[in-house]
Amino acid sequence: MNRINQFSKIFIVLIFLTSCKTTLNEDKPINNSDVNINENTNSDSKRMEIKFSCGENRISEYLNDGWTIIKEDSQEKICTWKSVPATKDCDMEKDKGCKITKPDKIGEEKIYLLEK
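The rules we used
- Residues numbered from 1 in each chain as written.
- Predicted model: local features only at pLDDT ≥ 70, side-chain atom pairs only at ≥ 80, totals over all residues.
- Heavy atoms only, no water.
- Phe/Tyr/Trp six-rings, centres within 6.5 Å; stacked < 30°, edge-to-face > 60°.
- Helix = DSSP H or I, 4+ residues; strand = E, 2+ residues; numbered from the N terminus.
- Buried < 20%, exposed > 50% of the residue type's maximum accessible area, 1.4 Å probe, protein only.
- Disulfide = S-S within 2.5 Å.

Please clarify how the packing of aromatic side chains should be interpreted in this entry.
To describe a pair of aromatic rings, you give the distance between the ring centres and the angle between the ring planes. Throughout the structure, instances matching the rule amount to 2 aromatic pairs. Ring geometry for Phe52 against Tyr62: centres 6.4 Å apart, planes inclined by 50 degrees, an arrangement best described as tilted. Of this pair, Phe52 sits in strand 1 (residues 47–53) while Tyr62 sits in helix 2 (residues 59–64); the two residues are 10 residues apart in sequence, bridging distant segments of the chain. Classification of Tyr62 by relative accessible area gives partly exposed; the value is 23%.

Explain the state of the cysteines here, please?
Within this structure, the stated rule accounts for 2 disulfides. Each disulfide pairs two cysteine sulfurs, and for Cys54 the partner residue is Cys79, the sulfurs being separated by 1.9 Å. What sets the handedness of the Cys54 and Cys79 disulfide is the S-S torsion sign, and at about -105 degrees it is left-handed. Placement of Cys54 in the loop between strand 1 and helix 2 and of Cys79 in strand 2 (residues 68–85) is noted, with a sequence separation of 25 residues between them. The exposure class assigned to Cys79 is partly exposed, which follows from its relative accessible area of 28%. Each sulfur of the disulfide joining Cys90 and Cys98 lies 1.6 Å from the other. Given an S-S torsion of about 70 degrees, the disulfide between Cys90 and Cys98 has right-handed geometry.

That is the geometry; function is a separate question.
The structure is reproduced here in structure tokens:
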């Protein structure tokens, strides 16, 4: 009976030890099927991203220099800020804590992706 008890304990321990799979030092190839790699990259082409804000637009300088627009995007941007008193009786000169800064002029920021 004692031998059967010892045999069953050893058998259970062996089952636990062999059921765990180790993955130490295994080199498995990584399959990145979602990644699209363009191998036809031209080393002569250059890309640049430029931004113009608040009515400033000098894109024609770059277009005349041989750059072409690949992508154009625009976003709303705050051009200037102004300080106003928080209440009617607030003196902004003496009490800096009652001064509120809020947007004054809102413009547009254009983002260009250029390629040459």
